[in-house]
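Overview (structure and organization)
Spelled out, the chains give:
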Amino acid sequence: MKPDIKSYTLDELKNIMTDELGEKPFRAAQIYRWLHVALCTSFDEMTNISAGLREKLKEHFELSVLVKEQLQVSKIDGTAKYLFKLGDGNRIESVLMKYKHGNSVCISSQAGCRMGCKFCASTLDGLARNLLPGEMLDQIYRIQADTGERVDNIVIMGCGEPLDNFDNVTKFLKMISDENGLNISQRNITVSTCGLVPKIRELAELNLQITLAISLHAPNDDIRKNIMPVANKYSIEELLSACDYYFMKTGRRITFEYSLINGVNDSLKEARELAERIKHINSHVNLIPINPIKERSFRQGTQEEISEFKKLLEKNKINVTIRREMGRDIQGACGQLRKSYSEQETRTNDEKEEEIF
Ligand code: SAH
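Residues numbered from 1 in each chain as written. Predicted model: local features only at pLDDT ≥ 70, side-chain atom pairs only at ≥ 80, totals over all residues. Heavy atoms only, no water.

**Things to note about the site of the ligand**
Taken together, 18 residues lie around the ligand, and F119, S192, S215, H217 and N291 are the ones closest in. In this structure, an oxygen atom belonging to the ligand sits 3.3 Å away from a main-chain N or O atom of T193. Protein coverage of the free-state accessible area of the ligand, which is 540 Å², stands at 95%. Taken together, the elements giving at least two residues each to the shell around the ligand come down to strand 8 (189–193) and strand 10 (254–260). Within the shell around the ligand, the residues separate by chemical class into nine nonpolar, seven polar and two charged. (Near = heavy atom within 4 Å. Polar contact = N/O pair within 3.5 Å; in protein donor to acceptor, adjacent residues only side chain to side chain. Areas by Shrake-Rupley, 256 points an atom, 1.4 Å probe, with all protein chains shown as cover. Helix = DSSP H or I, 4+ residues; strand = E, 2+ residues; numbered from the N terminus. Nonpolar A, V, L, I, M, F, W, Y, C, P; charged D, E, K, R; others polar.)

**Quick look at the side chain of E257**
Topologically, E257 is positioned in strand 10. According to the relative accessible area criterion, E257 is buried, its value standing at 5%. Residues in contact with E257, not counting those within four places in the same chain, are M157, S192, A213, I214, S215, L216, H217, N286, I288 and R323. (Buried < 20%, exposed > 50% of the residue type's maximum accessible area, 1.4 Å probe, protein only. Contact = heavy atoms within 4.5 Å.)

**Notes on the confidence of the model for the protein chain**
In the predicted model, the protein chain carries a mean pLDDT of 93, and 92% of its residues have values of at least 70. Within the model, pLDDT remains below 50 along residues 345–355, and this stretch shows seven contacts once partners closer than five positions in the same chain are excluded. (pLDDT = per-residue confidence, 0-100.)

**Description of the pattern of salt bridges**
Inspection of the entire model under this criterion finds 22 salt bridges. Ionic pairing is found between E12 and K171, a salt bridge with its closest N-O pair at 2.8 Å. Of this pair, E12 sits in helix 1 (residues 10–20) while K171 sits in helix 5 (residues 166–176), and the two are 159 residues apart along the sequence. Note on E12: relative accessible area 30%, which makes it partly exposed. Residue K171 is classed as partly exposed on the basis of its relative accessible area of 21%. With a shortest N-O distance of 3.1 Å, E149 and K98 are connected by a salt bridge. (Salt bridge = Lys/Arg side-chain N within 4 Å of Asp/Glu carboxyl O.)

**Some remarks on the sheet that holds strand 2 (residues 80–85)**
Strand order in the open sheet made by the ten strands is 1-2-3-4-7-8-9-10-11-12, with mixed pairing throughout. Bordering the open sheet on either side are strand 1 (67–73) and strand 12 (319–322), each of which pairs with just one other strand. Between one strand axis and the next, the sheet turns through 20 degrees on average, direction left out of account. Bridge analysis of strand 2 against strand 3 (residues 91–99) gives six bridges, and the strand direction is antiparallel. Across the sheet, residue K81 finds its bridge partner in strand 3, namely V95. (Pairing = 2+ DSSP bridges. Axes fitted to C-alpha atoms, helices over the stretch in contact; angles between N-to-C directions.)

**With respect to the side chain of T250**
Following the sequence through the fold, T250 ends up in helix 8 (residues 236–250). For T250, a relative accessible area of 8% puts it in the buried group. Polar side-chain contacts of T250 include one of 3.1 Å to the backbone nitrogen of R252. If sequence neighbours within four positions are ignored, T250 has contacts with A204, N207, L208 and Q209.

**A look at the pairing of strand 9 (residues 211–215)**
On a regular strand, one side chain projects to one face of the sheet and the next to the other, so that they alternate. For strand 9, the buried fraction is high: five of the five residues fall into the buried class. Alternating positions in strand 9 separate into two faces, T211, A213 and S215 on one and L212 and I214 on the other, with burial throughout. Alignment of strand 8 against strand 9, held across four bridges, turns out to be parallel. Bridge assignment links S192 to a residue of strand 9, and that residue is A213. Each parallel crossover has a hand, and the one from strand 8 via helix 6 (residues 197–206) to strand 9 is right-handed. (Right-handed = clockwise from strand over helix to strand, strands pointing away.)

**Some details on the nonpolar core**
Counting 97 residues, the largest nonpolar core has L57, I140, F172, I176 and F256 as the members making the most contacts within it. Examining the composition of this core, we find that seven residues originate from one element, helix 8, more than from any other. Ranked by size, the runner-up nonpolar core spans seven residues in total, among them V95, M97, C106 and M157. (Core = buried A, V, L, I, M, F, W, Y, C linked by side-chain atoms within 4.5 Å.)

**Re the packing of helix 9 (residues 268–278) against helix 10 (residues 303–315)**
Helix-helix packing is characterised by the crossing angle of the two axes and by the distance between the axes. Two elements in contact, helix 9 and helix 10, have axes whose closest approach is 9 Å; the angle formed by their N-to-C orientations is 30 degrees. Here helix 9 lies roughly parallel to helix 10, going by the angle between them. Remark: the crossing between helix 9 and helix 10 carries right-handed chirality. Only E308, F309, L312 and L313 of helix 10 make contact with helix 9, whose side of the interface consists of L268, E270, A271, R272, L274 and A275. (Parallel < 35°, antiparallel > 145°, perpendicular 65-115°, else oblique. Left-handed = near helix turned anticlockwise from the far one by under 90°.)

**Some remarks on the environment of G112**
Within the secondary structure layout, G112 lies in strand 5 (residues 110–112). Residue class for G112 comes out buried when judged on its relative accessible area of 0%. Between the C-alpha atoms of G112 and E149, which are 37 residues apart in sequence, the distance is 28 Å.

**Digging into the packing of aromatic side chains**
Under the defined criterion, the tally for this structure stands at three aromatic pairs. An angle of 75 degrees between the planes, with centres 5.9 Å apart, marks the rings of Y8 and F61 as edge-to-face. Of this pair, Y8 sits in the segment before helix 1 while F61 sits in the loop between helix 3 (51–60) and strand 1, placing them 53 residues apart in sequence. Note on Y258 and F309: the rings are 5.3 Å apart at their centroids and 40 degrees apart in plane angle, and the pair reads as tilted. (Phe/Tyr/Trp six-rings, centres within 6.5 Å; stacked < 30°, edge-to-face > 60°.)

Written as structure tokens, this is what we have:
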């Protein structure tokens, strides 16, 4: 398989032009513009590049373009859910949400996921593979091209665990915020992780201005272990200490995600315990009423229970919001569209996933 040209930074592309293809470095800037500003989908669109060089590019590189296989638009709020097919046939989901403050796109970082969270649909079939930087970029590019509207905010909360694909995700973050590309401010980008502690520390070292969101979902290790296998590897104490470190290095407030699962983690006792645990951290809590998936029996509490949980956090001076549910009518929860699609196909693949925690 040839390397994906969309996954090279401008500097890398300059070196390839001069060292490998015997071309002038300014060609790299021209090509980079076609790929990352004009959002072209073939080498033949690069009209200021000679036919000879275009042929050379085709010989050396793949130009990965995601194929829109399905689009569902919510009649309630305009949320648009895209199912994209990758070059090798794998499928991923991306979601466009329209807010007053601009367009947000939720992208996937892996095809599938190997983290095994009990409430999540993305992980049910395990991990197929990591996405390349170019494949993450192209989710934004194709949605922008499809709608004709600029993408303002990005959240990496689709299929996959971004910090399990660290190098490609951090390269993506640099490229999407590069002034030679779409130049989306890092402050408008959120990376959500289930809590791979060493990788959070490594991310802190890069000193990016992105928001880090932690999928906490429990105030203590016992409950967390029940719903998130990653909790067997890293304790909440280690996780919160990595959050302190991230804040110290970047000055960025941490977001905690807390999916409320009735009878599992949503009692007032747990709200109190949560407040106690995180009150020293400059943070914001995002409560997410669990989105039930048909493979599991988790349920949402009542509106009243959810709002009591929120009030208790507020009483303890914790910043908290309840995440507004978007696209309720178009298969909301993560990975559900991809999953239902793959179920329609006959599956012979029954390989066992390796145990990682
Ligand atoms: N791997 C990353 C991104 C996952 S998706 C992470 O773990 O953070 C983004 C958020 O949605 C995570 O907080 C995840 O735990 C949560 N989530 C997944 N499935 C859900 C469901 N069915 N209902 C509510 N939240 C869910």
